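So the chains spell out like this:
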Amino acid sequence: AWDYQFVERLLERDRAVDVSCWLQSADVDSVREGTPVISELPRKPGEIQALALGWEDPWIQSLAEEELARLEETEGQLQRSERRLLDALEACRAPGLALRCISIQIQLSHRYTAHNRLAEAEELARAAWGEARALDEWDASARALLALGQVLRFRVDIPTARACLLEALEVF
């Protein structure tokens, strides 16, 4: 993608920055560049935590918490996974992390919908939608509307669910 190449070259010009990029859409056989070269993404909890701690960046740490929660959920540790996401939601209230909060709210809404915790799911989806609209973030707003539409569909509020889903689709 041209934007990937632009950002990569821009960062490479700054000698104070070590650049390692991972383009997920690239072929497996693609040449990986950087200092150091990233040969694979971290998959184990210890690798993810080490990566996040090395950055001292709240955005990266929030992403790491989401990934750790996803791993815990796949291992069947649902309560631990939920607690991690709720803690990450609290931590992301710092300035500059509003989009991380929206992402976590949407993720929790989907989980709660899947476990038939519809009141909590709706509350989180509506909060995410409101915050995304306040930031004028169309993509996040559409993702929140999709989550809200799903909750309303499970609540058998078909007209409102349809309206949410149609509005979300206009963005995509």
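All figures in this text were calculated on a predicted structure; none of them were measured in a lab.

When you go through the protein chain residue by residue, the secondary structure sums to 8 helices and 0 strands. Reading the helices (α) and strands (β) of the protein chain from amino to carboxyl end gives α-α-α-α-α-α-α-α. Counting all 172 residues of the protein chain, 31% fall into the buried class. Of the contacts made within the protein chain by residues no fewer than 6 positions apart, 41% connect residues no fewer than 24 positions apart. Of the roughly 11,300 Å² that the protein chain leaves accessible, carbon and sulfur atoms contribute 54%.

With respect to the helices and strands, Arg111 occurs in helix H5 (residues 98–114). Of note is the side chain of Arg111, whose polar atom sits 2.3 Å from the side chain of Ser81. Once residues lying within four places of it in the same chain are set aside, the contact partners of Arg111 are Ala69, Arg70, Glu73, Ser81, Glu82 and Leu85.

The next thing to look at is the packing of helix H4 (residues 78–91) against H5. Two numbers describe how H4 lies on H5: the axes approach to 9 Å, and their chain directions differ by 150 degrees. Classified by the angle between their axes, H4 and H5 sit roughly antiparallel to one another. Regarding H4 and H5, the two cross each other, and that crossing is left-handed. Residues Ser81, Glu82, Leu85, Leu86, Ala88 and Leu89 of H4 pack against Cys101, Ile104, Gln105, Gln107, Leu108, Arg111 and Tyr112 of H5. Residues that form the contact of H4 with H5 fall into these classes: 8 nonpolar, 3 polar and 2 charged.

Another point: the state of the cysteines. Cysteine pairs can be covalently joined through their sulfur atoms, and such a bond is termed a disulfide. All chains considered together, the criterion is met by 1 disulfide. At a sulfur-sulfur separation of 1.9 Å, the disulfide partner of Cys92 is Cys101. Around the S-S axis, the bridge from Cys92 to Cys101 shows a dihedral of about 125 degrees and counts as right-handed. Each of the two residues, Cys92 as well as Cys101, counts as buried.

Once that is clear, we can look at helix H7 (residues 138–154). Counted at 1.5 Å a residue, the expected span for H7 with its 17 residues is 24 Å, and the 24 Å between its end C-alpha atoms agrees. Elements in contact with the buried residues of H7: H5, helix H6 (118–134) and helix H8 (158–171). Positive phi shows up at Val156, right after H7, with a value of about 60 degrees.

A few words now on the packing of H5 against H7. Running from N to C, H5 and H7 point in directions that differ by 20 degrees, and their axes come no closer than 10 Å. For the element pair H5 / H7, the angle class is roughly parallel. The element H5 and its partner H7 pack so that their crossing is left-handed. Together, Leu99, Ile102, Ser103, Ile106, Ser109, His110 and Thr113 of H5 and Ala140, Arg143, Ala144, Ala147, Gln150, Val151 and Phe154 of H7 make up the contact between the two elements.

The tally for this structure, following the rule as stated, stands at 0 aromatic pairs. Positioned above the aromatic ring of Trp59, the side-chain terminus of Arg100 is 5.5 Å from the ring centre. Cation over ring: Arg133 sits above Trp129, and NZ or CZ is 4.6 Å from the ring centre.

For the rest of this paragraph, the subject is a nonpolar patch on the surface. A cluster of nonpolar residues, Phe6, Val7, Leu10, Leu11 and Val17, forms a patch on the protein surface that exposes about 410 Å² of accessible area. Relative to the helices and strands, Phe6 is located in helix H1 (residues 2–13).

We now examine the environment of Leu169. Relative to the helices and strands, Leu169 resides in helix H8. Classification of Leu169 by relative accessible area gives exposed; the value is 54%. Residues Leu169 and Arg143 lie 26 residues apart in sequence; the distance between their C-alpha atoms is 9.5 Å.

Basis of the calculations
Residues numbered from 1 in each chain as written. Predicted model: local features only at pLDDT ≥ 70, side-chain atom pairs only at ≥ 80, totals over all residues. Heavy atoms only, no water. Helix = DSSP H or I, 4+ residues; strand = E, 2+ residues; numbered from the N terminus. Buried < 20%, exposed > 50% of the residue type's maximum accessible area, 1.4 Å probe, protein only. Contact = heavy atoms within 4.5 Å. Areas by Shrake-Rupley, 256 points an atom, 1.4 Å probe, with all protein chains shown as cover. Polar contact = N/O pair within 3.5 Å; in protein donor to acceptor, adjacent residues only side chain to side chain. Axes fitted to C-alpha atoms, helices over the stretch in contact; angles between N-to-C directions. Parallel < 35°, antiparallel > 145°, perpendicular 65-115°, else oblique. Left-handed = near helix turned anticlockwise from the far one by under 90°. Nonpolar A, V, L, I, M, F, W, Y, C, P; charged D, E, K, R; others polar. Disulfide = S-S within 2.5 Å. Expected span 1.5 Å × (residues − 1). Phe/Tyr/Trp six-rings, centres within 6.5 Å; stacked < 30°, edge-to-face > 60°. Lys NZ or Arg CZ within 6 Å of the ring centre and 35° of its normal. Patch = residues over 30% accessible without salt bridge, like charges linked within 9 Å, V, L, I, M, F, W, Y side chains within 5 Å. Salt bridge = Lys/Arg side-chain N within 4 Å of Asp/Glu carboxyl O.

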